[in-house]
Amino acid sequence: MMSLNNKKILLGISGGIAAYKSPELVRQLIKEGASVQVAMTDAATQFVTPTTLQAVSGQPVFISQWDTRISNGMPHIELTRDVDAILIAPASADFMAKLSLGLANDLLSTLCLARGHDSNGVITPCPLLIVPAMNRQMWENIATQRSVERLLKDKIAILGPASGDQACGEVGMGRMLEPTEICEALIAFFQPKRLLGKKVLITAGPTYEAIDPVRGLTNRSSGKMGFAIARAAVEAGAQVQLISGPVHLDTPLAFLGNIQRTNVTSAQEMHDAVLTHHDSDVFFSVAAVADWRVSSMADQKIKKQSTTDIPHFDLVQNPDILLAFSSASKNKPSFCVGFAAETENTIEYGKKKLISKNTSLIIANHGPSTFGEDINEVTLIDANNELTLGPADKLVLAREIIREVSKRLPT
Ligand code: C5P
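Conventions adopted
- Residues numbered from 1 in each chain as written.
- Predicted model: local features only at pLDDT ≥ 70, side-chain atom pairs only at ≥ 80, totals over all residues.
- Heavy atoms only, no water.
- Helix = DSSP H or I, 4+ residues; strand = E, 2+ residues; numbered from the N terminus.
- Buried < 20%, exposed > 50% of the residue type's maximum accessible area, 1.4 Å probe, protein only.
- Contact = heavy atoms within 4.5 Å.
- Pairing = 2+ DSSP bridges.
- Near = heavy atom within 4 Å.
- Polar contact = N/O pair within 3.5 Å; in protein donor to acceptor, adjacent residues only side chain to side chain.
- Areas by Shrake-Rupley, 256 points an atom, 1.4 Å probe, with all protein chains shown as cover.
- 1 Å grid on protein atoms, 1.4 Å probe; cavity = no way out; pocket = protein on both sides within 12 Å on 5 of 7 lines; lining within 4 Å.
- Sits in = over half its atoms within 2 Å of the grid points.
- Core = buried A, V, L, I, M, F, W, Y, C linked by side-chain atoms within 4.5 Å.

Novice: Please clarify how the side chain of Gln37 should be interpreted in this entry.
Specialist: Among the structural elements, Gln37 can be located in strand E2 (residues 35-40). On the basis of relative accessibility, which here comes to 12%, the residue Gln37 falls in the buried class. The residues contacting Gln37, other than those within four sequence positions of it, are Ile9, Leu10, Leu11, Gln59, Pro60, Val61, Phe62 and Leu79.

As structure tokens, this is what we get:
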């Protein structure tokens with residue numbers, strides 16, 4: 001995917017046991033296309049060696065402000081001028097306190113204070129993101145919370161911490177986010193904030209309509225496209241409500257706190273959950289909703305009889321969730337995006353759904369070639385145009401879909 005292509009990251013490591021995860025973080029950042037320059041505090045070298053970090057980053061590691069390898073003798077200035085962001089992981093309580101007071105008594109704290117990104121001779125502050133890691137008592141201490149307040153006021157982004165098992169054996173807030181999460185948060189940080197402050201509602205996955213306690217009617221949807229759109233919407237700065245049918249997927253970017261997930265099973269449950277969010281600015285109806293359900297579910301497993309005695313079921317139509325939503329939101333029109341997974345005449349059927357479902361946009365694709373896959377090709381159909389995107393990874397497509405939708409939103 002390489003979502004950090006051409007990004008230069010300065011990774012600062014301060015002294016905490018979570019520093020043992022830093023080499024893995026470096027590897028993941030590099031895998032996403034970033035180049036990583038590591039700077040460490042003296043204390044950090046007690047937990048992880050500079051040699052390890054030099055080996056995984058492929059670059060010399062800096063620790064001291066008196067390092068003579070920088071020709072003008074000013075590593076605290078030179079190290080940040082060509083970077084796109086400084087990431088401090090782990091950020092110890094001591095390092096956060098220093099940062100919040102503007103103290104600068106070692107290389108890492110000094111380069112944070114002196115940080116600046118040089119773009120053609122114009123120097124602007126370089127973004128700084130910190131990932132706290134400490135014992136829960138240290139995190140909850142009023143002094144640390146004072147640092148947090150000051151850092152946020154200074155527009156320094158704080159990622160985490162998470163709650164859970166700690167190295168000291170206690171359990172609580174203060175765990176560093178996992179390297180994968182830190183990497184995803186950094187990727188999100190660099191995405192354009194095209195949906196900042198917008199409420200975005202998304203349905204994803206299949207629905208399951210029970211016939212009896214062990215059998216049911218469903219659809220071949222993995223939920224991957226809907227979850228990719230949810231991730232891209234959070235990356236774009238939206239507040240996301242994700243209503244998901246039964247899938248085996250983790251909630252994307254859950255640790256950032258901008259996504260709420262509701263799990264449902266049947267179309268009726270999905271319908272009811274969707275309509276409670278009728279004030280959403282954008283609705284992506286990505287779920288593959290089962291069109292029918294049996295008129296009454298059997299309480300016990302239906303037993304097989306003789307080979308000639310095959311059970312018959314009366315089917316009734318499920319509510320059309322997208323149509324119900326687009327009709328319910330008439331007073332405060334939401335931008336409604338429908339999906340059309342077809343097996344034939346994809347564009348023609350898509351155009352019909354644009355009208356019959358009362359949507360602003362239809363995204364048509366060929367169902368069987370994409371169900372469960374990571375790759376998709378889609379055609380965006382609105383009243384005036386058709387635009388084909390892909391084939392590409394579903395997350396790449398989701399970001400492009402967000403871009404296309406944001407262009408069409410009322411300003
Ligand atoms: O009618 P069809 O299922 O082909 O339409 C697909 C679009 O309508 C998708 O956006 C899907 O989420 C939505 N839909 C719905 N409720 C249904 C059936 C489909 O919201 N009962």
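Novice: What is the right way to look at the pairing of strand E9 (residues 171-175) in this model?
Specialist: On any regular strand, side chains alternate: one points to one face of the sheet, the next to the other face. Relative to E9, strand E8 (residues 162-165) runs antiparallel, the two sharing 4 bridges. Counterpart to Ser163 in the pairing with E9 is Met173. Linkage of E8 to E9, two consecutive antiparallel strands, is achieved through a turn of 5 residues, within which Gly169 is found at a positive phi near 100°.

Novice: Hey, could you run me through helix H1 (residues 22-31) in this one?
Specialist: Side chains that are three or four residues apart share a direction in an α-helix, a result of its 3.6 residues per turn. Restricting attention to buried positions, one finds in H1 the residues Ser22, Pro23, Leu25, Val26, Gln28 and Leu29. Those residues of H1 that are buried lie in contact with strand E1 (8-13), E2, helix H2 (50-57), strand E3 (85-91) and helix H8 (179-190). Note on H1: the residue one or two positions beyond its end, Gly33, has a positive phi of about 105°.

Novice: Is there a simple way to explain the site of the ligand in this structure?
Specialist: The immediate surroundings of the ligand are formed by Ser285, Ala287, Val289, Asp291, Pro319, Asp320, Ile321, Leu322, Gly338, Phe339, Lys353 and Lys357. Between the ligand and Pro319 there is a distance of 2.9 Å, counted from a nitrogen atom to a backbone nitrogen or oxygen. Between a nitrogen atom of the ligand and a main-chain N or O atom of Ile321, the distance comes to 3.0 Å. Coverage of the ligand by the protein amounts to 86% of the 440 Å² it exposes when considered alone. According to the grid-proximity analysis, the pocket containing the ligand is the largest pocket.

Novice: What should I look at first to understand the nonpolar core in this one?
Specialist: A general feature of soluble globular proteins is that nonpolar side chains tend to end up buried together. Counting 38 residues, the largest nonpolar core has Val200, Ile202, Ile229, Val240, Phe284, Ile401 and Val405 as the members making the most contacts within it. If sequence neighbours within four positions are ignored, Ile229 has contacts with Ile202, Phe284, Val286, Phe339, Ala398, Ile401 and Ile402. Within the second largest apolar cluster, 31 residues are counted, among which are Val48, Val61, Leu87 and Ile182.

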